[in-house]
Amino acid sequence: MPIFEYVCVSCGRRFEKLLKAGVTDNPDCPVCGSAEVNKQLSTFSAGASSSADCPSSGG
Ligand SMILES: [Zn+2]
């Protein structure tokens, strides 16, 4: 089943929602209830992490 990932614009919470075939309406944020959510692209393909972060040595 297609599971889409959303990110709430209001609180910034990320959540997944299972949408049935034919449903295109965006779900509401389960945290704050805001309808302002952005659908994220599902990233199934294994990709390398972006940006080269330096290994911070002890401190
Ligand atoms: Zn929210």
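About the criteria used
Residues numbered from 1 in each chain as written. Predicted model: local features only at pLDDT ≥ 70, side-chain atom pairs only at ≥ 80, totals over all residues. Heavy atoms only, no water. Phe/Tyr/Trp six-rings, centres within 6.5 Å; stacked < 30°, edge-to-face > 60°. Buried < 20%, exposed > 50% of the residue type's maximum accessible area, 1.4 Å probe, protein only. Lys NZ or Arg CZ within 6 Å of the ring centre and 35° of its normal. Pairing = 2+ DSSP bridges. Helix = DSSP H or I, 4+ residues; strand = E, 2+ residues; numbered from the N terminus. Donors = N, O, S within 2.8 Å, 3.2 Å for Na, K, Ca; no water. Tetrahedral: all angles 85-135°; square planar, octahedral: opposite > 155°, others 65-115°. Salt bridge = Lys/Arg side-chain N within 4 Å of Asp/Glu carboxyl O.

Novice: Teacher, can you tell me more about the packing of aromatic side chains here?
Specialist: To describe a pair of aromatic rings, one takes the distance between the centres and the angle between the planes. Counted under the stated rule, the structure contains one aromatic pair. With centroids separated by 5.8 Å and ring planes inclined at 20°, the aromatic side chains of Y6 and F15 adopt a geometry described as stacked. Here Y6 matches F15 in class, with each residue buried. K39 extends its terminal NZ or CZ atom over the ring of F4, reaching a point 4.5 Å from the ring centre.

Novice: I'm lost on the pairing of strand β2 (residues 14-18) in this one. Help?
Specialist: For a regular strand, the rule is simple: side chains alternate between the two faces of the sheet. With five bridges connecting them, strand β1 (residues 3-8) and β2 associate as antiparallel partners. Note that in β2 the partner of Y6 across the bridge is F15.

Novice: How should I be thinking about the coordination of the zinc ion in this particular structure?
Specialist: As a benchmark, a tetrahedral metal site with four donors has ideal angles of 109.5 degrees, while an octahedral site with six donors has ideal angles of 90 or 180 degrees. Around the zinc ion, the donor atoms from the protein are C8 (SG), C11 (SG), C29 (SG) and C32 (SG), and they sit 2.2 to 2.3 Å away. Around the zinc ion, the four donor atoms sit at angles spanning 103 to 122°, and that spread fits a shape best called tetrahedral. Within one chain, the residues donating to the zinc ion are spaced in sequence as C-x2-C-x17-C-x2-C. With C11 in the loop between β1 and β2 and C29 in the loop between β2 and β3 (37-40), the pair connects residues that are 18 residues apart, well separated along the chain.

Novice: Help me out: how do you make sense of the pattern of salt bridges in this one?
Specialist: Close approach of charged atoms allows side chains of opposite charge to pair. Evaluation of the coordinates by the stated rule reveals one salt bridge. Between R14 and E5 there is a salt bridge; the shortest N-O distance is 3.1 Å. Using a relative accessible area of 58% as the deciding quantity, one classes R14 as exposed. According to the relative accessible area criterion, E5 is partly exposed, its value standing at 23%.

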